[in-house]
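Take a look at the letters that make up each chain.
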Amino acid sequence: MRENEIRKDKGVFKMLNNQEKKNSFIGKLSDVVNQQKFEVISATIQKEALNKHYRYDNNPYHIALKFCVECLFNFLIASNQQQKITHIVVEQ
């Protein structure tokens, strides 16, 4: 599900072209999200500095993803959750 498709009433979200339907959908979606417990792990890329420090694998998105997965792994171990299923959502 992409935020742009919801905002612009595209694809499967075309049915949200009515403001009342959209408000109801957004309200229900917000309720679902607010009831969940989740953690956000993110990375910011400074491309200029990256080129100075990484000679070989300098794809900024690959490095950011590696960093986030490493942080997630450490978080799961610290939370004693490493044996449980974890869902990862990657957005660029």
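Residues numbered from 1 in each chain as written. Predicted model: local features only at pLDDT ≥ 70, side-chain atom pairs only at ≥ 80, totals over all residues. Heavy atoms only, no water.

## Structural notes on the overall build of the protein chain
- The helix and strand inventory of the protein chain stands at four helices and zero strands.
- Helices (α) and strands (β) of the protein chain occur, in sequence order from the N terminus, as α-α-α-α.
- Relative to the globule expectation of 12 Å for 92 residues, the C-alpha radius of gyration of the protein chain, 18 Å, shows a markedly less compact shape.
- Dimensions of the protein chain along its principal axes, counting C-alpha atoms only, are 50 × 35 × 15 Å.
- A buried classification covers 13% of the 92 residues belonging to the protein chain. (Helix = DSSP H or I, 4+ residues; strand = E, 2+ residues; numbered from the N terminus. Rg over C-alpha atoms; globule rule 2.2 N^0.38 Å. Buried < 20%, exposed > 50% of the residue type's maximum accessible area, 1.4 Å probe, protein only.)

## Comments concerning helix H2 (residues 19–34)
- Compared with an ideal rise of 1.5 Å per residue, which puts 16 residues at 22 Å, H2 spans 22 Å between its outermost C-alpha atoms and is within 8% of the ideal.
- Capping the start of H2, asparagine 18 holds a side-chain oxygen 2.7 Å from the backbone nitrogen of glutamate 20, two or three residues further along. (Expected span 1.5 Å × (residues − 1). Polar contact = N/O pair within 3.5 Å; in protein donor to acceptor, adjacent residues only side chain to side chain.)

## Some details on the pattern of salt bridges
- Under the criterion given, the structure shown has two salt bridges.
- Arginine 7 is the salt-bridge partner of glutamate 3, the closest N and O atoms lying 2.2 Å from each other. With a gap of four residues between them, glutamate 3 and arginine 7 both fall in helix H1 (residues 3–7), about one helical turn apart.
- Overall, arginine 7 belongs to the partly exposed group, its relative accessible area being 45%.
- Put simply, lysine 22 and aspartate 9 hold a salt bridge, and the shortest N to O gap is 2.9 Å. Pair noted here: lysine 22 is in helix H2 and aspartate 9 is in the loop between H1 and H2, with a separation of 13 residues, a long-range link. An identical accessibility class is assigned to lysine 22 and aspartate 9; each is buried. (Salt bridge = Lys/Arg side-chain N within 4 Å of Asp/Glu carboxyl O.)

## Description of the layout of surface pockets
- Estimated volume of the largest pocket: approximately 1300 Å³.
- Residue lining of the largest pocket: 33 residues in total, with Glu39, Ile41, His87, Ile88 and Val89 positioned closest to the centre.
- Elements supplying a minimum of two residues to the lining of the largest pocket: H1 and helix H4 (60–78).
- Ranked by the residues each element gives to the lining of the largest pocket, the list is headed by H4, at nine residues.
- Across the lining of the largest pocket, the residue classes break down as 20 nonpolar, seven polar and six charged. (1 Å grid on protein atoms, 1.4 Å probe; cavity = no way out; pocket = protein on both sides within 12 Å on 5 of 7 lines; lining within 4 Å. Points joined across faces, edges and corners; volume = space filled by probe spheres on them. Nonpolar A, V, L, I, M, F, W, Y, C, P; charged D, E, K, R; others polar.)

## A word on a nonpolar patch on the surface
- Taken together, the side chains of Leu65, Val69, Ile88 and Val90 define a hydrophobic patch exposed on the protein surface, amounting to about 360 Å² of accessible area.
- Along the chain, isoleucine 88 turns up in the segment after H4. (Patch = residues over 30% accessible without salt bridge, like charges linked within 9 Å, V, L, I, M, F, W, Y side chains within 5 Å. Areas by Shrake-Rupley, 256 points an atom, 1.4 Å probe, with all protein chains shown as cover.)

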